[in-house]
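Below are the chains, spelled out letter by letter.
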Amino acid sequence: GDDNSGRKVITFSCCRMPPSHQLNHTRLLEYLKYTLDQYVENDYTVVYFHYGLKSLNKPSLKWLQTAYKEFDRKYVSKIFVLLSVIFKSLLTISFSFPRYKKNLKALYVVHPTNFIKILWNIFKPLISHKFGKKITYLNYLSDLREHLKYDQLNIPQEVIRHDENLRRKQKGKLPPVVKVPPPRPPLPTQQFGVSLQYIKDKNKGELIPPVMKETVSYLKRKGLQVEGLFRRSASIQTIKDVQKLYNQGKFVNFDDYHDIHIPAVILKTFLRELPQPLLTFECYDHILGITSVESSLRVTRCKQIIQGLPEHNYVVLKYLICFLHMVSQESIYNRMTASSLACVFGLNLIWPSKGTASLSALVPVNLFTELLIDFYTNIFNSRTVPGE
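Note that the structure is predicted; figures quoted are calculated from it, not measured.

Trainee: Give a detailed account of the overall build of the protein, specifying residues and quantitative values.
Mentor: Across its full length, the protein carries 17 helices and 4 strands. Counting every position in the protein, which comprises 388 residues, the buried fraction comes to 50%. Sequence separation of 24 or more characterises 80% of the internal contacts of the protein that already satisfy a separation of 6 or more. Approximately 19,800 Å² of the protein is accessible, and the part contributed by carbon and sulfur atoms is 52%.

Set out below in structure tokens:
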């Protein structure tokens, strides 16, 4: 899932760890590396569910040492240092802070025990203050809701039952459940969380939503050569403030914020909050099938899928991909190749109608998006929509 800043979330559930003698630790290490590889080049968040860690399934000291050596400077060794403390009270590993590790923006430890908190306080002086600020303890699952999109998380039933038991043990009565009032009708100027058709109807038939046009225009002028464009996050409160301005139909001057990543995050947020993905639910299975198509025929297959989009979606997608193609052409400066951009935008353009995309969907979704960006001219050259 995503957190409230649009960063990808990786979850680690201790209750899913089998007994140590049954676990192929080499394969586990390979899987962890594969999973992190999907995200570590961009800002991301980790949620660690501590419940279920027992003496039977704690990794051995030898394996933890091997894991630390295996993870090169691209990986977040601090996660493993922290987990090492949780697993075996280890502090034999030095705390370094290489350049790529800064992409971990938050680490949420859910259902921490007092032992963990005591250990953390003991070893805290050895950990950089900057990294320490990224760690948050959450006593209950409900606490996650203010930080990320809770409903997107795949939380084990064992963890949910444990959370319910903890709440029952609380002294006194639980606070009454607060009913969320039904959402009011969207404002006439609403930009986020409404359909493309709604925005078009409220903007004199304009096909490209104003928020999209303004962010893309600004980034074309001032952001094309910014290193890591679209990889970095921005202040959550600032993003909410900008969204509010757009939804109220007010003018947004990005120069006032002195942060080129704000319009970049706003663009990604707009796409992610569409009621239906820009590539539509109907295309999801077709896109997942792209990896089974012969390499020489994949561009043609992409073109076929895109041709089946509704006209409005096609125009907006073409506008976006044209811009992303332009960004990729400046990759010598911004280091955002078509592949890098695909990793950022893939799951903002398409997701399943139910649940969240599985890890196995990342490869075809990112490949499809990369092909759109790399072969923009070829894929979008044969369809013209009135008013485009």
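Trainee: Tell me about the sheet that holds strand 1 (residues 8–13), residues and numbers included.
Mentor: Taken in spatial order, the 4 strands line up as 1-2-3-4 in an open sheet, and their pairing is parallel. With one partner strand each, in any of the chains shown, strand 1 and strand 4 (135–138) form the two edges of the open sheet. Averaged over all adjacent pairs, the angle separating strand axes in this sheet is 20°, with direction ignored. With 6 bridges connecting them, strand 1 and strand 2 (residues 44–49) associate as parallel partners.

Trainee: So what about the packing of helix 8 (residues 210–222) against helix 10 (residues 261–272)? Which residues, and what values?
Mentor: Look at helix 8 against helix 10: their axes get within 9 Å of each other, and the N-to-C directions meet at 150°. Comparing their axes, helix 10 and helix 8 come out roughly antiparallel. As for how helix 8 packs across helix 10, the hand of that crossing is left-handed. Side by side, helix 8 and helix 10 meet where V211, M212, T215, V216, Y218 and L219 of the first sit next to P263, A264, I266, L267, F270 and L271 of the second.

Thresholds, definitions, all that
- Residues numbered from 1 in each chain as written.
- Predicted model: local features only at pLDDT ≥ 70, side-chain atom pairs only at ≥ 80, totals over all residues.
- Heavy atoms only, no water.
- Helix = DSSP H or I, 4+ residues; strand = E, 2+ residues; numbered from the N terminus.
- Buried < 20%, exposed > 50% of the residue type's maximum accessible area, 1.4 Å probe, protein only.
- Contact = heavy atoms within 4.5 Å.
- Areas by Shrake-Rupley, 256 points an atom, 1.4 Å probe, with all protein chains shown as cover.
- Pairing = 2+ DSSP bridges.
- Axes fitted to C-alpha atoms, helices over the stretch in contact; angles between N-to-C directions.
- Parallel < 35°, antiparallel > 145°, perpendicular 65-115°, else oblique.
- Left-handed = near helix turned anticlockwise from the far one by under 90°.

Interpretation note: all reported values are geometric properties and have no functional meaning in isolation.
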